[in-house]
Amino acid sequence: MNLFSFVECANQTQSLKALFDLLVSCASEEGFTEVAYGALTFSEPLRLPGCPPPLVAIKVPPDWCQRYLERKYYIVDPVVRRTPMFAGPYLWDELAKEHQLQACEQRVLQEAREAGLKHGVSVPLFGPSGRISVISFASRCDDADPQRNVKHLNALAWHFHIAFAEIARPSDRVSNRKVSLSEREKDCLRWVAEGKSSWEIGKILNVSGNTVNFHVKNAIRKLGSANRTQGLVKAIRLGLIEFSEPALATPLVA
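Computed from a prediction, not measured in an experiment: that's the story for all the values here.

(A) Region of interest: the packing of helix α10 (residues 198–205) against helix α11 (residues 209–222). The geometry of α10 relative to α11 is characterised by a closest axis approach of 8 Å and an angle of 105 degrees between their N-to-C directions. The orientation of α10 with respect to α11, classified from their angle, is roughly perpendicular. Side by side, α10 and α11 meet where S198, I201 and G202 of the first sit next to G209, V212 and N213 of the second. Partitioning the contact of α10 with α11 into residue classes produces two nonpolar, four polar and no charged.

Laid out in structure tokens, this is it:
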């Protein structure tokens with residue numbers, strides 16, 4: 001299932017389980033069959049059965065899930081602890097190499113690998129009022145290359161995150177439907193979806209980069225979003241801007 005189909009199907013469900021199953025199915029086609037979604041800085045009222053905070057939904061090998069929960073590894077999991085430090089997606093292999101992890105954090109990553117989660121990537125998701133969530137994707141294959149898939153998984157994570165918010169907090173959907181963007185704001189967001197920088201968009205639209213930033217920030221504010229990525233995804237989901245399948249596969253810059 002491509003991202004276009006994912007957005008179409010996600011728009012038609014009001015079930016967290018159905019939405020999460022859709023996410024797992026789409027990620028599995030890229031070789032990342034293990035998926036976890038967590039709310040790190042706030043208590044999310046909607047979660048799948050058996051998922052204590054900060055977990056909201058999880059699909060990993062049952063034995064590893066049981067050990068992770070029984071030993072309360074989510075307290076020392078480096079993904080849970082360190083996600084707020086990152087502005088964008090990061091690889092678990094890089095996390096271990098580039099950061100001096102504590103022994104307990106290293107143990108969680110090592111035991112996860114032994115349980116079959118051999119290569120992973122996590123996507124920080126930022127929302128209003130300081131809310132930080134994360135979606136992690138992992139592969140059971142020795143030769144998986146998360147770096148090759150990170151752009152697709154990043155876009156997929158954000159689309160799931162926004163769809164989930166509409167299910168968990170229905171009032172957000174009602175207020176968002178009243179959003180109206182100017183044509184210039186829509187133009188800027190369309191080019192953001194194509195991975196263009198403010199400078200590049202300015203050249204295309206024959207305006208300054210500062211003017212582009214002004215319109216993008218206005219759109220983000222109207223959409224009640226925390227950054228460009230979230231604003232773009234909301235605009236797409238609300239039908240405020242049209243998109244093509246290739247655009248959804250491009251990197252979304254926060």
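(B) Structural view of the side chain of D77. Along the polypeptide, D77 turns up in the loop between α3 (62–70) and α4 (78–82). Separated by 2.6 Å, the side chains of D77 and Y68 make a polar contact.

(C) Quick peek at unusual backbone geometry. Cis geometry marks the peptide bond from P53 to P54, where omega comes out at 10 degrees. Among the secondary structure elements, P54 is positioned in the loop between β1 (34–39) and β2 (55–59). Phi is positive for K72, close to 50 degrees, though the residue is something other than glycine. Mapped onto the elements of the fold, K72 is located in the loop between α3 and α4.

(D) Quick peek at the sheet that holds strand β3 (residues 90–91). Strand order across the open sheet formed by five strands is β2-β1-β5-β4-β3, with antiparallel pairing between neighbours. Either end of the sheet is taken by a strand with one partner, and the two such strands are β2 and β3.

Rules behind the numbers
Residues numbered from 1 in each chain as written. Predicted model: local features only at pLDDT ≥ 70, side-chain atom pairs only at ≥ 80, totals over all residues. Heavy atoms only, no water. Axes fitted to C-alpha atoms, helices over the stretch in contact; angles between N-to-C directions. Helix = DSSP H or I, 4+ residues; strand = E, 2+ residues; numbered from the N terminus. Parallel < 35°, antiparallel > 145°, perpendicular 65-115°, else oblique. Contact = heavy atoms within 4.5 Å. Nonpolar A, V, L, I, M, F, W, Y, C, P; charged D, E, K, R; others polar. Polar contact = N/O pair within 3.5 Å; in protein donor to acceptor, adjacent residues only side chain to side chain. Pairing = 2+ DSSP bridges.

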